[in-house]
Amino acid sequence: MTRISIVLLLAVMASSMWLVRVQYDARRINTEWHRANVQARQLEVDRQRLLVEKRAQATPLRVERLARDKLHMLTPTPATTLYVAADGTPLNPIAGGKP
């Protein structure tokens, strides 16, 4: 009878230690999952903020102002436009496009 009791006691102790280990792992995995969700939400917020900044930086008015101020570009006019044919010869826009 004592051998059976000792075997059963060892089985109960082993199963209780296994149960504690499984609960610990479940809590650890749940904590990691929660942290990953928080990080995913923060990354989504950062992504949205960067998209808004990108749209603000790419407005046509801002691009035109930067081209004019920093690159010293001018708006094209017919007087400054040179038309060329596919072979590279210049065309005369006044004469109907003929060289």
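Below: a short report on this structure.

The rules we used
Residues numbered from 1 in each chain as written. Predicted model: local features only at pLDDT ≥ 70, side-chain atom pairs only at ≥ 80, totals over all residues. Heavy atoms only, no water. Helix = DSSP H or I, 4+ residues; strand = E, 2+ residues; numbered from the N terminus. Rg over C-alpha atoms; globule rule 2.2 N^0.38 Å. Buried < 20%, exposed > 50% of the residue type's maximum accessible area, 1.4 Å probe, protein only. Areas by Shrake-Rupley, 256 points an atom, 1.4 Å probe, with all protein chains shown as cover. Lys, Arg positive; Asp, Glu negative; His and termini not counted. Charge placed at Lys NZ, Arg CZ, Asp CG, Glu CD. Salt bridge = Lys/Arg side-chain N within 4 Å of Asp/Glu carboxyl O. Polar contact = N/O pair within 3.5 Å; in protein donor to acceptor, adjacent residues only side chain to side chain. Patch = residues over 30% accessible without salt bridge, like charges linked within 9 Å, V, L, I, M, F, W, Y side chains within 5 Å.

1. Focus on the overall build of the protein
What the protein contains, in helices and strands, is 2 helices and 2 strands. For the protein, the C-alpha radius of gyration of 37 Å lies well beyond 13 Å, the compact-globule estimate for 99 residues. Each principal axis of the C-alpha distribution contributes one length, and for the protein these read about 120 × 30 × 20 Å. Residues classed as buried in the protein amount to 2% of the 99 residues present. Total accessible area on the protein stands at roughly 9400 Å², and carbon and sulfur atoms take up 66% of it. Each charge sign in the protein was given a centre, from 15 positive and 8 negative side chains, and these centres are 8 Å apart.

2. Here's the deal with unusual backbone geometry
At His72, a residue that is not glycine, the phi angle is positive and equals roughly 55 degrees. By the secondary structure assignment, His72 is in the loop between helix 2 (60–69) and strand 1 (83–84).

3. Side note on the pattern of salt bridges
Within this structure, the stated rule accounts for 6 salt bridges. Note that Glu32 and Arg28 form a salt bridge whose closest N and O atoms lie 3.2 Å from each other. Separated by 4 residues within a single helix, Glu32 and Arg28 lie in helix 1 (residues 2–57), roughly one turn from each other. Residue Glu53 pairs with Arg49 through a salt bridge whose shortest N-O separation is 2.9 Å.

4. A short note on the environment of Asp87
Take Asp87: it is sitting in the loop between strand 1 and strand 2 (90–91). Separated by 24 residues in the primary sequence, Asp87 and Val63 have C-alpha atoms spaced 32 Å apart. Within polar-contact distance, the side chain of Asp87 engages the side chain of Thr89 at 2.8 Å.

5. Here's the deal with a nonpolar patch on the surface
On the surface, a nonpolar cluster with roughly 320 Å² of combined accessible area is contributed by Trp18, Leu19 and Val22. The residue Trp18 is located in helix 1 in this model.

By themselves, these figures tell us nothing about what the structure is for.
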